[in-house]
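# Structural description and commentary
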Amino acid sequence: METEKGVALRPFEKKDIEQCVNWGSDQDMRSMMRPSNPRPRSREVDEAWYTKLINDPGTRIFSIESDNGFIGVIYITRIDLRNRNALLSVMIGEKRDWDKGCGTQAIRQIKDIAFNELGLHKLFLYVASYNKRAIKVYEKSGFVVEGELKEHLVVDGNFEDWVVMSLFNNNGPGV
Ligand SMILES: CC(C)(COP(=O)(O)OP(=O)(O)OC[C@H]1O[C@@H](n2cnc3c(N)ncnc32)[C@H](O)[C@@H]1OP(=O)(O)O)[C@@H](O)C(=O)NCCC(=O)NCCS
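Residues numbered from 1 in each chain as written. Predicted model: local features only at pLDDT ≥ 70, side-chain atom pairs only at ≥ 80, totals over all residues.

### Overview of the site of the ligand
- If you check the shell around the ligand, you find 21 residues, and the closest are Met32, Trp98, Gly103, Thr104 and Lys132.
- Where the shell around the ligand is concerned, the elements lending two or more residues are helix 2 (27-32), strand 5 (85-92), helix 4 (102-117) and helix 5 (132-140).
- Broken down by element, the shell around the ligand gets its largest block of residues, six residues, from helix 5.
- Split by residue class, the shell around the ligand holds eleven nonpolar, four polar and six charged. (Near = placed C-beta within 6 Å. Helix = DSSP H or I, 4+ residues; strand = E, 2+ residues; numbered from the N terminus. Nonpolar A, V, L, I, M, F, W, Y, C, P; charged D, E, K, R; others polar.)

As C-alpha cells, this is what we get:
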C-alpha cells in the first residue's frame, strides 16, 4: 500500500463492492461516471460489473483510503500490453471528500503503477465536458485533451460532449 498525504491505494476487495454500488446510485454520480452507459443499472448488474473487474487480468483496481477510511475507487482497465495503453477511471464516493486533494493523489499513485510497474506508455480517459472538477484534476495531473466527441451523450434528455484526455509517458520506443 502506498501512502501520501493521508491517501493510500490498497487492492480492491469483494467486500468493497456494496459501498461502490451505493455511491454509484447517487444521481449526481450517475451523470459523471460513464454517463453513456444505460442508467440506472440494477444493483445486481453493478455488483457483477465490479466482480468482473476484480477477476479481469486486463484490469488493476484499487480502493482509495484516506483519514476518513474507504473513500473511493480507482482503476485502469483495457490494459493493452501490446500497445502499452490503458483506460483510467476514478470515483471519490462521498461528496464531503471532494476538493481535498484525494483524487489528485490517487491519480498520482496509479500513474506510478501504470508507468513504472506495468511499463505503459499512455493512459487515456473519457470525461463528460460538464464535469469541470474532473477535467481540472486531470489537467493538474498532466493529462491533455486529445479530442472532443460532440453531442455524443444523451444526459437528462440533452446531447452532451464527451472529452478524451490522455497522459503520455516518455519511457522509450514502442518496442
Ligand atoms: C473528479 C474527482 C475524482 C476529483 O477528486 P477530488 O479529490 O475531488 O479532486 P481534488 O481535490 O484532487 O482536486 C479538485 C480540483 O478541482 C477544482 N474544482 C472544483 N470544482 C471545480 C469546478 N466546478 N470547475 C473547475 N475546477 C473545480 C478544485 O478547486 C481543485 O483544484 P485545486 O486543487 O487546483 O484547487 C472526484 O471529485 C469525484 O470522484 N467526483 C465524482 C465522480 C467523477 O466525476 N469521476 C470522474 C469521472 S471522469
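### So, unusual backbone geometry
- Of note, Arg78 is a non-glycine position whose phi angle comes to about 50°, a positive value.
- Structurally, Arg78 can be placed in strand 4 (residues 69-80).
- Among the residues examined, Arg78 registers 12 C-beta atoms within 10 Å and is labelled exposed.
- Backbone geometry at Asp156 places phi at a positive 50°, although glycine is not the residue there. (Buried ≥ 20, exposed ≤ 12 C-beta atoms within 10 Å, placed from the backbone.)

### Quick look at the pairing of strand 8 (residues 158-168)
- Relative to strand 8, strand 6 (residues 122-128) runs antiparallel, the two sharing seven bridges. The residue of strand 8 that forms the bridge with Val127 is Val163.
- Pairing of strand 7 (residues 144-155) with strand 8, which is carried by eight bridges, proceeds in the antiparallel orientation. Paired with Leu153 across the bridge in strand 8 is Glu160.
- What sits between strand 7 and strand 8 in their antiparallel hairpin is a turn of two residues, with Asp156 showing a positive phi close to 50°. (Pairing = 2+ DSSP bridges.)

From the geometry alone we can't say anything about function, so treat these as descriptive.
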